[in-house]
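As a plain string of letters, each chain reads:
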Amino acid sequence: MTGRRMGLFLLAGALAAAALRAEMVALQSGVKTTLAAGNVYTIPFAEGAYTVTTEAKQVNARIQVRLQAGQTATLTLETCVLTPSGGAALDVAGGGTLVLKLDGKNADDLLPDNTFAVMSGTVDAPAIALSSGAVLRIEGSGSLRLKGRWYSRSEPFAPIACTQDWAAGATTPTVVIAEGTLLMAGSCSNKSPYGVSPLIDVPVLNMTGGELVCEGFQKESGVTYGSSIAWAYPEALMKTSQFRMTGGMIRLPAVQASNWVAYPEALAAEVQTAASGGTVFGKRVFMLDCADTVVPAACFQVKAGAALSEAERTADAEGRVLLDASRTPELVFAAVEDEAACAVFGLLPSPTEKGLTADCDFGIAGVGDTNTLAADEAERLVALELGLRLPERMGIAARSIPIAVFCHWQGAQDSEAVTAQVFPASGSGAEAVSFTYDEARRYHTARVVTAAPLSRGVSGAARFSVQAFSRDE
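As a starting point, this report considers the structure included with it.

Calculation notes
Residues numbered from 1 in each chain as written. Predicted model: local features only at pLDDT ≥ 70, side-chain atom pairs only at ≥ 80, totals over all residues. Heavy atoms only, no water. Salt bridge = Lys/Arg side-chain N within 4 Å of Asp/Glu carboxyl O. Helix = DSSP H or I, 4+ residues; strand = E, 2+ residues; numbered from the N terminus. Buried < 20%, exposed > 50% of the residue type's maximum accessible area, 1.4 Å probe, protein only. Phe/Tyr/Trp six-rings, centres within 6.5 Å; stacked < 30°, edge-to-face > 60°. Polar contact = N/O pair within 3.5 Å; in protein donor to acceptor, adjacent residues only side chain to side chain.

Quick word on the pattern of salt bridges
Proximity of charged atoms lets side chains of opposite charge pair with each other.
Here comes step 1: In total, this model carries 15 salt bridges according to the counting rule given.
Here comes step 2: As a salt-bridge pair, Arg-145 and Glu-215 come within 2.6 Å of each other at their nearest N and O atoms. Highlighted residues: Arg-145 in strand E14 (residues 143-147) and Glu-215 in strand E21 (residues 211-218), separated in sequence by 70 residues.
Here comes step 3: Overall, Arg-145 belongs to the partly exposed group, its relative accessible area being 24%.
Here comes step 4: Between Arg-389 and Asp-361 there is a salt bridge; the shortest N-O distance is 2.7 Å. Highlighted residues: Arg-389 in strand E34 (residues 382-389) and Asp-361 in strand E33 (residues 361-369), separated in sequence by 28 residues.
Here comes step 5: A residue is classified by how much of its surface remains accessible, and Arg-389, at 28% relative accessible area, is partly exposed.
Here comes step 6: Residue class for Asp-361 comes out partly exposed when judged on its relative accessible area of 45%.
Here comes step 7: Linked through salt bridges whose partners overlap, the residues forming this network are Asp-359, Asp-361 and Arg-389.

Dropping the structure here:
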């Protein structure tokens, strides 16, 4: 009895000591931090560039990021292997943007550059948790292996997940995959209803580049599932209300281990349908504004190999042109403006014999008076009404688009020509503007007021121009 009591006492003492050692440590911008076990490292509402490493060793630690709207921070992972005993390895909240940069240090595919895996048997958590309108953007040349919720035998958790319930149509949090390689493993549950996790469970997912590798879904240790595992197939690889894929690659490697469930090829079409570009499960996807149509050859440029055949250029009922991954043609637009409009407004291009075109109109619909008193008429601010006509199939919901407005003066001599940005107030960059639908005009409108007066001491007439910018988050 004495020995048993001593053992219990020593164990309790060890756990208490570990709890006392846990600390909240603020990361420092511009400094590479080697993470230590038991700590929670924070980026508390501070922009900057942060680098963390565990020197390829498994460390029981976590990272919390809190950013306000408009703030952006970059977190570089350098051979960082986090295996926390409870909670997400990376927890991001607030209205700002975290750029997660994957630093490629390891050329061995069997040992990824970085790993986030939740090792708890009692605490359910994803590897990366997002909440409160956070934006996570993944960049870099390295890789990151992700696995959430380790053998807790409860509800399956996606490796990247929103920590709050969200309804269809929600616009935050957002994940943007721009570069790097994500090796992601989901998990299975033995509770009713049986099922497996998706890989990403957030309202908005945009994939513009990089590579996402589905490594399968791991069953619980020691749990008997019966002879059939058909029930375990996920309804979707990514659970989102808005999934947009304009580039990058999604792969399904073979799953060998007996306690892993592979993602079924039969459901690959669901992901391919949502993609408007990139390579999905061995198929190159092009999504066009057409149906059951042979797309003109002028819409594709083939740099290597034979030209696309008529069968290859035939779009299905959804407007998809699906090619083998070995075929890598590029889309050809009739004009630069058409390509820009598709990128900025999220349009599907329409095929024509001259190349792809965009079905929309954008510009200044009117110039008005702000009724702002000024001693000099030339110094008065100006109100601009912007107009945006989109295809009817895109609906009439309001749209937020980054905008910049410029004023141009032409004097008596060419040397007197002046161009100045008059919106937004910073005098540079762009500012998101909300466009609402005008039932009478049947297009979207927005009103902006110049942040600078017309006059810059130059005589002559003034004119305005407006630019809209794309944003992948």
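Some details on the packing of aromatic side chains
Here comes step 1: The final tally for this structure, using the stated rule, is three aromatic pairs.
Here comes step 2: The interplanar angle of 55 degrees and the centroid separation of 5.5 Å between the aromatic rings of Phe-345 and Phe-362 together place this pair among those described as tilted. With Phe-345 in helix H3 (residues 336-345) and Phe-362 in strand E33, the pair connects residues that are 17 residues apart, well separated along the chain.
Here comes step 3: On the accessibility criterion, Phe-345 (11% relative accessible area) is buried.
Here comes step 4: Given a relative accessible area of 28%, Phe-362 falls into the partly exposed group.
Here comes step 5: Here the aromatic residues Phe-345, Phe-362 and Phe-435 are joined through ring pairs into a cluster of three or more.

Quick notes on unusual backbone geometry
In most cases, non-glycine residues show a negative phi, while peptide bonds are predominantly trans.
Here comes step 1: Along the chain, Thr-172 connects to Pro-173 via a cis peptide bond; the corresponding omega equals -10 degrees.
Here comes step 2: Secondary-structure assignment places Pro-173 in the loop between strand E15 (160-162) and strand E16 (174-177).
Here comes step 3: The omega torsion of the bond from Phe-423 to Pro-424 falls at 5 degrees, within 30 degrees of zero and hence cis.
Here comes step 4: Positive phi, close to 55 degrees, is recorded for Glu-55, a residue that is not glycine.
Here comes step 5: Secondary-structure assignment places Glu-55 in the loop between strand E4 (48-53) and strand E5 (58-59).
Here comes step 6: Classification of Glu-55 as partly exposed rests on a relative accessible area of 48%.
Here comes step 7: The backbone of Asp-292 shows a phi angle near 50 degrees, a positive value even though the residue is not glycine.
Here comes step 8: Mapped onto the secondary structure, Asp-292 falls in the loop between strand E27 (283-287) and strand E28 (300-301).

Here's the deal with the side chain of Gln-421
Here comes step 1: By the element assignment, Gln-421 lies in strand E36 (residues 418-423).
Here comes step 2: In this structure the side chain of Gln-421 is engaged in a polar contact, spanning 3.0 Å, whose partner is the backbone oxygen of Phe-423.

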